[in-house]
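A look at the structure
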Amino acid sequence: MKFKFVFTLLLSLFCALWLCGCRPSSSSNKAGVSVADASGQLVTVSDSSRIVSVGTAITETIYALGAGSRLVGVDNSSSEYLQQAAGLPKVGPRTALNAEGILSLKPTLIIITMDAGPPQVIDQLKNSGVTTLTMNANYTVQSVKAKIETIARALGLEAKGQELSNSIDNDMKHVKSLMDRALATPKVLFVGRGPNMPNATMSGRGTTIDEMIRVAGGKNPMSDFEGFKEMTDEAVVNAAPDIILMTEKSFERSGGVDGVLKFPGVALTPAGRNRRIVAVSDMYFQGFGPGVGRAVYDLTLKLHPEVNAENKGTTSAADAGGDKR
Amino acid sequence: MASTTAAARIFPGLRRKANRTRGSMTLLGLALLLALIIFLSVDKGAVEISLAQCLSIIGGRIGLHLPWDFTAQQEATLLTIRLPRVVLGLLVGAGLGISGAAMQGLFRNPLADPSLIGISSGAALAATLSVVVGDAVAFSLPPLLKLFAFPLAAFAGALITTILVYRLATIAGQTIVATLLLAGIAINALAQALSGFLTFYATDTQIRSLTFWKLGSMGGASWANVLVASPFIILPILLFPRLSRALNALLLGEAEAGHLGFDIERVKRETVIMVALSVGACVAVTGLISFVGLVVPHLLRLMIGPDHRRLIPGSALLGASLLLGADLIARTIVSPAELPIGVLTAITGAPFFLWLLLRDRKWRVIH
Amino acid sequence: MIEARALQVAIGPKLLLDGVSLEVRAGETVAVVGPNGAGKSTLRKVLCGDMQPTGGEVLMDQKPLAEWPLTQRARVRAVMGQDSTLSFPFTVLEVVLMGRSPHLKGAEGERDYEIARDALEAVEATHLEERLYPTLSGGERQRVQLARVLAQIWEAHNGDSRYLLLDEPTSNLDLSHQHSTLEVARSFAREGVGVLVILHDLNLAAQYADRLLMLKDGKLIASGNPQTVLTREIIEETFAIPVIVTQHPHLDCPLVLPTRARASRKMEG
């Protein structure tokens, strides 16, 4: 039969394609700097003139290092939250990347956060011959410095990196001085609501938010779970937060203070009764970047209004650090 | 029409030939279409690689030196990203096509589709389970087995769901369509609920795998994936033709097929296993890509009739063409980003399904 | 010869068939008649192997039915059930060609097409050849299904005897096609095929069957040639309706005429 023949033909074509399934010869080793990636493996970066960055904190770092002009593509969140990056080609949401699309931007270096995906795409990029540097999505303020220094070294901007790192230390020193005057450790519940989410969620342990609250002198009452969970009346009432923390966008989406008071249980908490809802820039929670010190400082002020009055005029150092971004 | 019949009566061989020729011409056409789409898929993409360079690169792999220059970047893109993706699309499209065709034959209902009646969900759920629960176990497995653990889990999930749906929707060999579709709804809902439950315990990395399955994506294509999926999909493609005549007879009714000398229980068993194999493998490597299994056999029946001897190879060809075509659009239209292919197939497939329901309804009113 | 010995089918305490024995010999047409729920279709299902009897056995050419390899069995025996559901758009010719399945090795040959067309001609459905089966009327479908089972045993396979089991093949047919259908069945019998046909219409049975089996409540009430089975006593007892049985004015068979109208008026009076 004729189609059997055609079938055999296609099958052999298929086999031929299959045979191509061997890795291409690896590119030759050029001189460059070696930095450790997320898994601790050494990656040699020899050319950082064209960078694709996936991860808002990474993109923020690259801009803070003054290397924004080297960027040739960023992920959707970077583009949304960082004004400078808005005009760059977008390579998609960081969880649905396209390896070939990224490569078509002819990058010489791809810096990508480990919570991007699909995981296979990261493997594809690593196998493509383009230097691919994976970075951990870190959840502590201290690890941000290491990340900044790594990216700075990869870009050959170590001095600038050191400067950013120092400014974080500096900001944190100011935070500490604020903290010395703080009178209490309020219980701070973070509530978030995504654009298409029917229900509000709250943050537990092991998130950037949990760390921010801790460093800013608050206490996250939701310590019995990791990550994010949907809000439930009883859990919220039981947690009895003094302050509800939100991002500005999510605060707007929820319909302001009155909207937030309608979230499960909120009206029955001290925060709800006193209408203490604090909204901060969305950027603060897009992973920790070089602005983390400034963010923590800002949050500390908002969580401890009692220190604010005594502290006017001394925020300039931290402000200056933030402005450099 | 009447004149053809008259001619056929005088020359009995004539009509038979005409009929068959039309069938095999269509298949030949489909094969050519597939070849064209393979060709386009290899050639087109976000990274600019000319046809000559493609030839040079592929030639280079098999020891042929062609004069056209290419960069290492182009070579890497073609060999490690685009080609595995094309081959995987070929496999998954063919797998979804034939499993849809076989499923509709088995249930004797043109609305049966692996994704619609919950089989894909079952496979995805099992794969999810293997990720969330099995991670701890999998660490102790040898790497090759670990690679196959995924499709095997998905296969098991597909098999269990198929048997469950079949038991639910079939009474004394008759499929009750309403029950079939309702069972599908129930299983889809259950799978969704259970995977929601699993995400409760999943780590961030695991959750990303779960979203990947839910939307369906060809983005994860790699030669390892191709290696893993090939046996599960090629085996049914090779074995289904043996069942074609039995599936034809089964359309008359189970008893009737039995009277024509077919071992119906065996045919049903083999069909279910084969469908579960290919659906499981497809889900494991690309997630939920719906409606391909529904649309492809339908279009083909309009072209070449319901005879499984042509329908099954045809579904493999057209399924592969359709999925490769959809993927070509998905990965080039919003370049450098890409659309989730499951979204693309659902956007085109769901209206088609509605049209079918509508047509079916009209048909029932008229006749 | 198809031979059933003391068939019994019990579902719970209810006996659908109770000690039915029968024979269908090569070359004869046997009709099974009886009221609704008498067990006619159950008998057909047991005889063709769709249903296992709880007692007794069925032999075909001296060999128990279950010992026949499936394909072998399909080559010598065709069955037409009551409820073939086909909703896929096969052409009529393709449906009839499916009857050739047990004889095929690979694709259909020239001879299979000839047989399929001859079978269509035999049921007066040649003009339907290219129509799509789902678009046919009930009666047309029934004739096409008949053509399919005829095509299945059109020729003797290695000189084996052949059998044809028909379950109410005339239920959807008009008067003329009722007769032509049974005429075809009888012509097969004349060629040496053993034919068993389940019928509702006693007069059709009387005209075309060599022997009649009368079933009631799963029991065989009477068997024999039409003259001995279709008597007023047997019919009135089986169907609980008054009848007159006379000689057919033109044919050599009895003619059954129900007389309910007069009977009920009598009862009122």
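Criteria and cut-off values
- Think of each chain on its own: its residues are numbered from 1, step by step along the sequence as written.
- Chain letters start at A and ligand numbers start at 1, both assigned in the order the entries are written.
- pLDDT decides what is reported in this predicted model: residues at 70 or higher carry local features, side-chain atom pairs at 80 or more are listed and counted, and totals for whole chains, interfaces and linings draw on all residues regardless.
- Helical segments are the DSSP runs of H or I of at least four residues, strand segments are the runs of E of at least two, and each set is numbered from the N terminus.
- Three exposure classes are used. Buried residues have 20 or more other C-beta atoms within 10 Å of their own C-beta, exposed residues have 12 or fewer, and partly exposed residues fall in between, all C-beta atoms being placed from the backbone.
- The contact criterion used is a C-beta to C-beta distance within 7 Å, with each C-beta placed from the backbone.
- Two strands form a pair only when DSSP identifies at least two bridges running between them.
- To obtain an axis, a line is fitted to C-alpha atoms, over the contacting stretch when the element is a helix, and the angle between two such axes runs from 0 to 180 degrees between their N-to-C directions.
- Residues were grouped as follows: Ala, Val, Leu, Ile, Met, Phe, Trp, Tyr, Cys and Pro as nonpolar; Asp, Glu, Lys and Arg as charged; and all remaining residues, including Gly, as polar.
- As used here, a nonpolar core is made of buried Ala, Val, Leu, Ile, Met, Phe, Trp, Tyr and Cys residues. They are joined through C-beta atoms within 7 Å.
- Residue-level confidence of the predictor, termed pLDDT, takes values from 0 up to 100.

**Digging into the overall build of chain A**
Scanning chain A for helices and strands turns up 15 helices and 11 strands. Among the 325 residues that make up chain A, the fraction classed as buried is 47%. Taking the contacts inside chain A whose residues are at least 6 apart along the sequence as the reference set, 64% of them involve residues at least 24 apart.

**As for the overall build of chain B**
Across its full length, chain B holds 15 helices and 2 strands. The burial tally for chain B puts 54% of its 367 residues in the buried class.

**Remarks on the sheet that holds strand 11 (residues 277-280) of chain A**
The strands making up a sheet are joined through hydrogen bonds of the backbone, oriented either antiparallel or parallel. Residues and elements named next belong to chain A. One open sheet accounts for 5 strands, arranged 9-8-7-10-11; its pairing is mixed. Both edges of this open sheet fall to strand 9 (228-230) and strand 11, since each of them pairs with a single strand only. On average, each strand axis in the sheet is tilted by 35° relative to the strand beside it, whichever way the strands run. The sheet contact formed by strand 7 (residues 188-192) and strand 10 (residues 243-247) spans 3 bridges and is parallel. By the bridge assignment, V188 is partnered in strand 10 with I243.

**Concerning the interface of chain B and chain C**
With 22 residues of chain B at the contact, the number on the chain C side is 27 residues. Of all the secondary structure elements, the ones that give two or more residues to the side of chain B that touches chain C are helix 2 (12-43), helix 10 (223-250) and helix 11 (254-259) of chain B. Here the residues of the side of chain B that touches chain C sort into 9 nonpolar, 7 polar and 6 charged.

**Comments concerning unusual backbone geometry**
Most peptide bonds adopt trans geometry, and most residues besides glycine take a negative phi value. Here the amide bond leading from B:S335 into B:P336 is cis, since omega sits at 10°, within 30 degrees of zero. Of note, B:P336 is situated in the loop between helix 14 (308-332) and helix 15 (341-366). Phi at C:E168 is positive, roughly 45°, even though this residue is not glycine. Within the element layout of this structure, C:E168 appears in the loop between strand 7 (163-167) and helix 6 (175-190).

**Remarks on the nonpolar core**
Grouped together as the largest cluster of nonpolar side chains are 274 residues, with contacts concentrated most on A:V296, B:A127, B:A154, C:V96, C:A119, C:A147 and C:L164. For this core, the element with the highest residue contribution is helix 4 (residues 72-106) of chain B, accounting for 18 residues. Setting aside residues up to four positions removed in sequence, C:A147 forms contacts with C:V96, C:A119, C:L120, C:A122, C:V123 and C:A125.

**Observations concerning the environment of C:D174**
Residues and elements named next belong to chain C. Summarising the element assignment, D174 is placed in the loop between strand 7 and helix 6. In this structure D174 comes out as exposed when scored by C-beta crowding, with 10 C-beta atoms within 10 Å. It is 19 Å that separates the C-alpha atoms of D174 and S84, two residues lying 90 residues apart in sequence.

**Examining the sheet that holds strand 5 (residues 63-64) of chain C**
All names here are of chain C. Spatial ordering of the open sheet is given by 2-1-4-5, a layout of 4 strands whose pairing is antiparallel. Two strands lie at the open edges of the sheet, namely strand 2 (14-24) and strand 5, each paired on one side alone. Pairing geometry for strand 1 (residues 2-11) and strand 4 (residues 55-60), over 5 bridges, is antiparallel. Bridging from a neighbouring strand, R5 pairs with E57 of strand 4.

**Overview of the pairing of strand 1 of chain C**
Residue and element names in this part refer to chain C. Of the strand pairs in this sheet, strand 1 and strand 2 are connected by 8 bridges, and their pairing is antiparallel. When the bridges of strand 2 are listed, A4 appears paired with L22. Hairpin remark: strand 1 followed by strand 2, antiparallel, with 2 residues in the connecting loop; positive phi at G12, about 65°.

**Topic: helix 8 (residues 208-215) of chain A**
Counting buried positions along helix 8 of chain A yields 7 of 8 residues, so the element is predominantly enclosed. Where helix 8 of chain A is concerned, the buried positions are A:T208, A:I209, A:D210, A:E211, A:M212, A:I213 and A:V215.

**Brief notes about the confidence of the model for chain B**
Residues and elements named next belong to chain B. Of the residues in chain B, 87% reach a pLDDT of 70 or more, and the chain-wide mean stands at 83. Element-level pLDDT for chain B is lowest in helix 1 (residues 2-10), with a mean of 44, against a maximum mean of 94 in helix 14. Every residue in residues 1-17 scores below 50 in pLDDT, and together they form 12 contacts with partners more than four places removed in sequence or on other chains. Note on the complex model: pTM 0.82, ipTM 0.90.

**Describing the pairing of strand 4 of chain C**
Residue and element names in this part refer to chain C. Both strand 4 and strand 5 contribute to a ladder of 2 bridges, which runs antiparallel. Bridge pairing links M60 to K63 in strand 5. The antiparallel pairing of strand 4 with strand 5 creates a hairpin that spans 2 residues between the two strands, and D61 there sits at a positive phi of about 50°.

**Quick look at the environment of A:S78**
All names here are of chain A. Inspection of the secondary structure puts S78 in helix 3 (residues 76-81). With 28 C-beta atoms packed within 10 Å, S78 lands in the buried category. Along the sequence, S78 and V33 sit 45 residues apart, while their C-alpha atoms lie 26 Å from each other. Not counting residues within four places of it along the chain, the set of residues in contact with S78 comprises S53, T56, T59 and A85.

**A closer look at the confidence of the model for chain A**
Residues and elements named next belong to chain A. Looking at chain A as a whole, the pLDDT averages 83, with 84% of positions reaching at least 70. Per-residue pLDDT stays below 50 along residues 22-30; that stretch engages in 10 contacts with residues further than four places along the chain or on separate chains. This model gives residues 312-325 a pLDDT under 50, and the stretch forms 20 contacts once residues within four places in sequence are excluded.

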